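Below, each chain spelled out in residue letters.
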Amino acid sequence: AQQDRDREREAASKQQQERDRRRDREIDGERERLQDVESRLSEGLDEVKSEVRALSGRLQEVRGELGKAGRMQEAAVTERLATFKEDVKKILQGMRRKGSGAGEKD
């Protein structure tokens, strides 16, 4: 009877050891999968950071181009305004000459 109990205990112990080994293998497999995912996420994050840096640089370039275009447009508008003022002066001077010339004839 004692031998039977010893054998049962030994069999139960072996089953428990096998379950423990299987659980350890599953844990190791899961750990490897998690490390793989972590590695891929890290690589992806590095790529995203690189893209963000590139886009940030391009944004700075575009801002510079817009600023330059704005300054050029402002200069062109200022030039057109000056030309318009000169044209108005000439028209007014012409009208004054015609007006005073007409008054002298009368």
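Residues numbered from 1 in each chain as written. Predicted model: local features only at pLDDT ≥ 70, side-chain atom pairs only at ≥ 80, totals over all residues. Heavy atoms only, no water.

As for the overall build of the chain
Using the following cut-off: Here a helix means four or more residues in a row that DSSP labels H or I, a strand means two or more in a row labelled E, and each is numbered from the N terminus. Throughout, the radius of gyration refers to the C-alpha atoms, and the reference size of a globule is 2.2 Å times the residue count to the power 0.38. Burial classes follow relative accessibility: with a 1.4 Å probe on protein chains only, a residue under 20% of its type's maximum area counts as buried, one over 50% as exposed, and anything between as partly exposed. Using a 1.4 Å probe, accessible areas were evaluated by the Shrake-Rupley method; residue-level cover was limited to the displayed protein chains. A residue counts as positive if it is Lys or Arg and as negative if it is Asp or Glu; His and the chain ends are not included. The atoms used to mark charge sites are NZ of Lys, CZ of Arg, CG of Asp and CD of Glu.
For the chain, the helix and strand inventory stands at one helix and zero strands. The C-alpha atoms of the chain give 45 Å as radius of gyration, which overshoots the globular expectation for 106 residues (13 Å, by more than 25%). A buried classification covers 2% of the 106 residues belonging to the chain. Taken as a whole, the chain presents about 10,000 Å² of accessible surface, with 53% of it coming from carbon and sulfur. Mean positive and mean negative side-chain charge positions of the chain (26 and 25 charges, respectively) differ by 8 Å.

Side note on a nonpolar patch on the surface
We apply this condition: Patch definition: residues above 30% relative accessible area lacking any salt bridge, with like charges linked at up to 9 Å and the nonpolar side chains Val, Leu, Ile, Met, Phe, Trp and Tyr linked at up to 5 Å. The term salt bridge refers to a pairing of a side-chain nitrogen on Lys or Arg with a carboxyl oxygen on Asp or Glu at a separation within 4 Å.
There is a patch of nonpolar side chains on the surface, built from Leu 81, Phe 84, Val 88, Ile 91, Leu 92 and Met 95 and spanning about 570 Å² of accessible area. Residue classification places Ile 91 among the exposed residues on the basis of a relative accessible area of 53%.

What to know about the pattern of salt bridges
According to the stated counting rule, one finds 13 salt bridges in the structure shown. For Asp 24, the salt bridge is made with Arg 23, and the minimal N-O distance between the two is 3.7 Å. A salt bridge links Lys 89 to Glu 86; the shortest N-O distance between them is 3.9 Å. Residue Lys 89 and its partner Glu 86 are both found in helix 1 (residues 2–105); the two are separated by three residues, about one turn of the helix. For Lys 89, a relative accessible area of 48% gives the class partly exposed.

Points about a negative patch on the surface
A surface patch of negative charge is lined by Glu 43, Asp 46, Glu 47 and Glu 51. Positionally, Glu 43 belongs in helix 1.

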